Structure formats: structure tokens, C-alpha cells
Amino acid sequence: MQSPSRSLTGQMPTSLVDGSAVLIICGALVAVVAVAGTAVTGVSAPMVAVAFGVLIAIGEVVRLRLPGDRVQAPIGMAAALGYALLSYVPGEGRPDQSIVQTIAVTSGGMLVGTLPYMLAGRPPELESIARRVLVIAGVSAGFRPLVGDDRIYAWLDSYPPFLVTATVLAGAAAWVLEALLAAGVPASRQVGPFWALVRNEFAAYLGIGAAVASTGILIPLAIWQVGLWALPLVIIPLLLAQLAYRRYAGIRRTQDQTIRALSRATEVGGYTETGHARRVTELALAIGRELGLTDERLRLLQYAALMHDVGQLSLADPIPGGATVLTSPERRRRIASLGAAVVRRAGLRAEVAEIVEAQVEPYRRPHQPDDASVPLESRIIKVVNAYDDLVGTATSEDARLEALERLRLGMAYEYDPRVVAALARVLARAGLITH
């Protein structure tokens, strides 16, 4: 069994501040102050507030988990954004809810929608709720004063295109702010370059985030013409999009489970050590994040790392301990080639097979420049697989340092120096080495 000392799952941040805790504390403080302030001053346009609060709560109940373990409540977030951007309600006139009331209705609706999860013993996802509360607080702080000021509102009312433009810009700002806050948490734990994390968050929320932002912008514009009856009409397309995303996420989870099960065939057959594929995958993904790979490339890296040794199933005589680093280059190429063939037959993307096949190639040839045909993902797997093979069952820091030194000696041609350096940083941050 793998020693806990070699696991990265308990990786501790080296920074003094955990972004998740800061986010939750800030979100809680903002929510408490807003609810208390609203309780003192009273609720403006209570029927409107209740309508939006109920929709936000429903959206929180039907939230979904996106690939990459991201939790999003599209309907609730769109409703909260629509409430923050509300500029006119037929029969009510200009909504005069304050910034404080907007935050209070948003946070109250989200917390009510979380109660069923808490009663069922499931995690409340406080980090994602706090992030959404802070996003709405930021949007409200920028937009509500425009509606609350008599002169500005009169001018915007006289020139509707400017009001629409201001609404669209505020909705777009919400999308940007959520991506920045979401990236701040892993950045505080130093799991990758900040701007690479921001890029990944934008990419992850590209589809559902655009739907949320556009729906949140459309809600106040539709209410201006139709009234509160616009709420269910505008939300229906987002609900259909959410159902499609939920189905897609389910397919992704099923595929991940299938690949993980297939990757264990080498362990069950006695070709590799127990947990080797999991360890290589975990460490490879940590290095990939350290080097700023996109989420899409990290997914390819994950699948290739899980399947990197499947070619060993073709061997008549297993390699002792499954340590391919100790066998001949010709045999390693044969294993990689057969593994790539298995990946292709399994119906995985062609890029995964290419990564598996190229994992045994040196990153450069003698007297030649860096070989661009060898993907970075293959270089990562090559380094991590060699490291895990060299460490073996040892659990001491000396064994890890010795394995690192062996890899550094091969940096002239075999092991990419960038990957080896990233490996050292990841191990040091996880507390597995101190030098």
C-alpha cells in the first residue's frame, strides 16, 4: 500500500493565507451585514424581493457540478444578477432597493436553497456560495447607484441604449469577477500560475458563464416590458442549458470511471505496483498545473497518465515491479506503442494515444535542438513515471532526493529540465522534500 507520505492529496499550501477561507469569511461578513442592514431599514418592494429570492433559492437547489469539480448554480446566479441589474418594474416603477438589500436577498435565497443539501448531510459548498455573493455585491456596488441617483436615472431613462449598455457591461463584469475569484483560491494554494488559472476558469465557464451572464442581463430588460412574468419565461432556456450540462457532466464522469477501471488492469495482472497509475496521474496533473496547462490539456494528460502502462499487458514476462525505466529503450517503445494501440481501440481521443506513444521518447536528440514533436504531456509522464519507478516502495526523503538526482543527470537528452524543475517544486510544496 502506498505510504501517505508520498501522496499529494494532502498537499499543504506554503502561503500564509488560504483563499477559500478568506472567500468564505468575506462572503459571510458581507451577507451578515447586508441582512442586518435590511432588517433595520426594511424591505423595499417586498413582492419583487420575494419573487427573486424564491427563484435564487430554487436555482441553488438545482445547482450542478461542472467538470473540474466546479460548483455552479446557473439559475440562481442569473436571478441574483437580474435582481442587481433591475432598473424598472411595471406597477412598481423604479426599484429603489439598496445595495444592502440586493445582497441580503441574494445571500438569503442562496442559503435557503442550501438547506436541503445540509439536511441530507451533503456539503453546503460554502466557497461557491461566498463567491457568488461577493460577485453580486461587486455588481450591485457598481450598478445600483446609477438607478438610485435621480439625475442619472432620468438621463438613462431618456436614452435607453445607454441603460442597455450599462446593464450589459455590468453583466459582463460579473462574469470576469467570478472567474478572478475562482482562480484566486487555487492560486493561494500555489497550484499553478495565477493567469493560467484565470484562463482555465474563463474556459470552464465559457459556455454556462455566458448563458448565466446573458440571462442575468435579459431579466431586467424583459421585466421592463413584461413585468415579473418575464422571470419564468427568461429562465426556461437557461434551465434547458443546465440540463444539457448536467448530462454532459454525467457522461464525463462515466468516461473517467471507465478509464480508471481499465488503468488498474496492469495492477490486477501483477504487471505494475498497486497504485502506480494513480500516483503517476496525481503527480503528473500537479506538474501540469504548475506549468500552466489548460484544463483541456490537463484532461488529456490525466487520461494518458492513467493508461501509460497499459501496454505492459502484452508482455509474456512482467517487468520486475513494473519499473519500465529499468528496461531497454526498445522494450519501452514496444510497450508504449502497444499501449497507444489499446487507447485507440478504447475509443479515446487520438491525442491521448499520441501522448502515450511519445512518452518514451527523449525530449531532444544528441546535437539536436528540442524535439517539438514530443508533446509536453508526454515529457511530464516520462519524468513522473521514471520518478515513481526509481522511488519504488521507499518512503524516505533520501530516496526521493536520490530519484530526483537521477532525473537531473538525464536532463541533457532524456528528461525535460522544465518538467524536472516543476517536479521538485511540487514535491517541496507538498512537504515530501525539504531541499
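This is a predicted model, so every value here is computed, not measured.

> I keep staring at the overall build of the protein and nothing clicks. Help me out?
On a plain count of helices and strands, the protein comes out with 18 helices and two strands. For the C-alpha atoms alone, the extent of the protein along its principal axes is close to 80 × 50 × 45 Å. For the protein, with 435 residues in total, the buried portion stands at 49%. Intrachain contacts of the protein at a sequence separation of at least 6 include 73% that bridge at least 24 residues. Split by element, the accessible area of the protein, about 19800 Å² in all, is 64% carbon and sulfur.

> I would appreciate a short explanation of the nonpolar core in the present structure.
The tendency in soluble globular proteins is for nonpolar side chains to be buried as a group. Phe52, Val139 and Ile223 are the most contacted members of the largest nonpolar core, which totals 49 residues. Sequence-distant contacts of Phe52, defined by excluding residues within four places in its chain, comprise Ala79, Gly82, Tyr83, Leu86, Ile219, Ile223, Leu228 and Leu231. Of all hydrophobic cores here, the second largest spans 46 residues; its members include Leu283, Ala304, Ala305 and Ile433.

> Which parts of the structure should I look at to understand helix H8 (residues 194-204)?
Two residues of an α-helix separated by three or four positions point the same way, owing to the 3.6 residues in each turn. Every buried residue of H8 is listed here: Ala196, Leu197, Val198, Asn200 and Glu201. On its buried side, H8 packs onto strand S2 (70-72), helix H7 (160-188) and helix H13 (295-307).

> When you look at a nonpolar patch on the surface in this model, what are you seeing that I'm missing?
Where nonpolar side chains cluster on the molecular surface, the patch consists of Val112, Leu115, Met118 and Leu119 and spans about 440 Å² of accessible area. Position of Met118 among the secondary structure elements: in helix H4 (residues 99-119).

> Before we go on, may I ask you to explain the environment of Thr281 in this structure?
Tracing the sequence through the fold places Thr281 in helix H12 (residues 276-290). According to the relative accessible area criterion, Thr281 is buried, its value standing at 4%. Considering only alpha carbons, one finds Thr281 and Trp195, 86 residues apart in sequence, at a separation of 24 Å. Once residues lying within four places of it in the same chain are set aside, the contact partners of Thr281 are Gln302, Ala305 and Leu306.

> Teacher, can you tell me more about the side chain of Thr38 here?
Among the secondary structure elements, Thr38 is positioned in helix H1 (residues 19-41). Taking the relative accessible area as the measure of exposure, Thr38 reaches 9% and is therefore buried. In this view, Thr38 contacts Val43, Val100, Gln101 and Ala104; residues no more than four positions away in its chain are not counted.

> Would you mind going over the packing of aromatic side chains with me for this structure?
Each pair of aromatic rings is reported with the distance of its centres and the angle of its planes. For the structure on display, the rule yields five aromatic pairs. Taken together, a centroid distance of 5.0 Å and an interplanar angle of 40° make the contact between Tyr88 and Trp224 tilted. One end of the pair, Tyr88, is in the loop between helix H3 (74-84) and H4; the other, Trp224, is in helix H9 (residues 206-226), and 136 residues separate them in sequence. The class of Tyr88 is partly exposed, set by a relative accessible area of 27%. Relative to Phe162, the ring of Trp155 lies with its centre 4.9 Å away and its plane at 40°, an arrangement referred to as tilted. Judged by its relative accessible area of 44%, Trp155 falls in the partly exposed class. By relative accessible area, which is 44% here, Phe162 ends up partly exposed. Three or more aromatic residues link up through ring pairs in this structure, and these residues are Trp155, Tyr159 and Phe162.

> How should the pattern of salt bridges be read in this particular structure?
Any two side chains of opposite charge can pair, given that their charged atoms come close. In total, this model carries 21 salt bridges according to the counting rule given. With its nearest N and O atoms 3.2 Å apart, the salt bridge here joins Glu361 to Arg333. Here Glu361, found in the loop between helix H15 (350-358) and helix H16 (376-391), pairs with Arg333, found in helix H14 (residues 329-345); they are 28 residues apart in sequence, far enough to count as distant. Residue classification places Arg333 among the partly exposed positions, given a relative accessible area of 33%. Close ionic contact of Arg365 with Glu361 constitutes a salt bridge, the shortest N to O distance being 2.7 Å. A relative accessible area of 35% places Arg365 in the partly exposed class.

> I would appreciate a short explanation of H4 in the present structure.
Taking 1.5 Å per residue, 21 residues should reach 30 Å; H4 reaches 31 Å between its end C-alpha atoms and fits that length. Largest kink in H4: about 25°, centred on Gly113, with the proline Pro116 one to four residues after it. Along H4, the residues classified as buried are Gln101, Thr102, Ile103, Ala104, Val105, Thr106, Ser107, Gly109, Met110, Gly113, Thr114 and Tyr117. The inward-facing, buried residues of H4 abut H1, helix H2 (46-61), H3 and helix H5 (126-148).

> Looking at this model, I keep getting lost on the packing of H2 against H4. Mind explaining?
Axes are the key here: two packed helices are described by the angle between their axes and the distance separating the axes. Put simply, H2 and H4 touch, their axes get as near as 7 Å, and they point 40° apart. Between H2 and H4, the angle falls in the class oblique. Seen from above, H2 lies across H4 with right-handed handedness. From H2, Ala49, Gly53, Ile56, Ala57, Glu60 and Val61 reach across to H4, where they touch Gln101, Val105, Thr106, Gly109, Met110, Val112, Gly113, Thr114, Pro116 and Tyr117. Each residue belonging to the contact of H2 with H4 can be placed in one class, and the counts come to nine nonpolar, six polar and one charged.

Reading the values: rules and limits
Residues numbered from 1 in each chain as written. Predicted model: local features only at pLDDT ≥ 70, side-chain atom pairs only at ≥ 80, totals over all residues. Heavy atoms only, no water. Helix = DSSP H or I, 4+ residues; strand = E, 2+ residues; numbered from the N terminus. Buried < 20%, exposed > 50% of the residue type's maximum accessible area, 1.4 Å probe, protein only. Contact = heavy atoms within 4.5 Å. Areas by Shrake-Rupley, 256 points an atom, 1.4 Å probe, with all protein chains shown as cover. Core = buried A, V, L, I, M, F, W, Y, C linked by side-chain atoms within 4.5 Å. Patch = residues over 30% accessible without salt bridge, like charges linked within 9 Å, V, L, I, M, F, W, Y side chains within 5 Å. Salt bridge = Lys/Arg side-chain N within 4 Å of Asp/Glu carboxyl O. Phe/Tyr/Trp six-rings, centres within 6.5 Å; stacked < 30°, edge-to-face > 60°. Expected span 1.5 Å × (residues − 1). Bend = angle between axes of the 7 residues up to and from the residue. Axes fitted to C-alpha atoms, helices over the stretch in contact; angles between N-to-C directions. Parallel < 35°, antiparallel > 145°, perpendicular 65-115°, else oblique. Left-handed = near helix turned anticlockwise from the far one by under 90°. Nonpolar A, V, L, I, M, F, W, Y, C, P; charged D, E, K, R; others polar.

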